[in-house]
Amino acid sequence: MSAASGTGAPGPRRGDLELGPGAVLLHGFAGPDAAALLAGLDAVLRESPFRHMVVPNGRRMSVAMSNAGLVGWVADRSGYRYAPTDPDTGRPWPAMPDAFAALADRAAERAGHPGFVPDCCLLNRYAPGARMSLHQDGDERDLGAPIVSVSLGLPATFLWGGVSRADRPRRLRLEHGDVVVWGGASRLAFHGVDVLKPGRHPSTGALRLNLTFRRAL
Ligand code: SIN
Ligand code: FE2
């Protein structure tokens, strides 16, 4: 696979890392777009701020979330689903900024999944101590479309399991600008994020931010 970024940004780049069939870690792919992504994120969060959702077992998630797009992923005491309105504001989720969808499509194409048109971007905010346990992204109607996941800010340890929960997950460091894409035979791979360690990043301060693009409808 080519190590050249679709952005045309100058300079050497580390290679792409194949994680499985249809799954790739694109080191630094979103780096040149980070400022535009963070500006879009600010605009979205002014309308639909981060909040800690409560899952059906009554626990509050350590990761704070919001969404942009036609639908947003929500959890509450009754379950998980995609919803067109933000339950906290009663209004539609903010539109997905143009820079978001364009980057997601370029990353998907580089990973071998051309023509990706996401209709949902889940925004995840990790403060030190926050984690996301191993799970599959399976609430989307069209499992033919990939997941594109963009990391910004503090580094994290990504857990990359196989398609069976019993597979021992690989531990991968995700840094600012890294993008993971999984589709095809890897679309239902288990994944998660280990407990975030404290630190400071020039773009996000004491936080890690993650943008996860899906085709949910
Ligand atoms: C997710 O699975 O929704 C988030 C993954 C990440 O934060 O890298
Ligand atoms: Fe996920």
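First, a word on scope: everything that follows refers to the structure included in this document.

Definitions and cut-offs
Residues numbered from 1 in each chain as written. Chains lettered and ligands numbered in written order. Predicted model: local features only at pLDDT ≥ 70, side-chain atom pairs only at ≥ 80, totals over all residues. Heavy atoms only, no water. Buried < 20%, exposed > 50% of the residue type's maximum accessible area, 1.4 Å probe, protein only. Helix = DSSP H or I, 4+ residues; strand = E, 2+ residues; numbered from the N terminus. Pairing = 2+ DSSP bridges. Axes fitted to C-alpha atoms, helices over the stretch in contact; angles between N-to-C directions.

Topic: the pairing of strand β8 (residues 147-153)
So, step 1. Of all seven residues making up β8, seven are buried, and the element is well covered by its neighbours.
So, step 2. Bridge count for β8 against strand β11 (residues 179-182) is four bridges, and the pairing is antiparallel. The residue of β11 that forms the bridge with V148 is V181.
So, step 3. Here β8 pairs with strand β13 (residues 208-214) via six bridges, running antiparallel. Bridging across to β13, S151 finds its partner in N210.

Quick notes on the sheet that holds strand β1 (residues 17-20)
So, step 1. As summarised here, the arrangement of the seven strands in space is β1-β2-β11-β8-β13-β6-β3, forming an open sheet in which the pairing is antiparallel. Each end of this open sheet is capped by a strand with a single partner; those strands are β1 and β3 (64-69). Here the strands of the sheet are splayed against their neighbours by 20 degrees on average, with no regard to which way each runs.
So, step 2. Strand direction decides the pairing type here: strand β6 (residues 120-126) and β13, joined by seven bridges, are antiparallel. From the neighbouring strand, Y126 faces β13, where its bridge partner is R208.

Structural notes on the sheet that holds strand β9 (residues 156-160)
Pairing between the strands of a sheet is mediated by backbone hydrogen bonds and can be parallel or antiparallel.
So, step 1. Strand order across the open sheet formed by four strands is β7-β12-β9-β10, with antiparallel pairing between neighbours. Each end of this open sheet is capped by a strand with a single partner; those strands are β7 (132-135) and β10 (170-174). Between one strand and the next, the sheet's axes are offset by a mean angle of 20 degrees, whatever the strand orientation.
So, step 2. Examined bridge by bridge, β7 and strand β12 (residues 191-193) share two bridges and lie antiparallel to one another. What sits directly across from H135, in β12, is H191.

On their own, these measurements won't tell you what the molecule is for.
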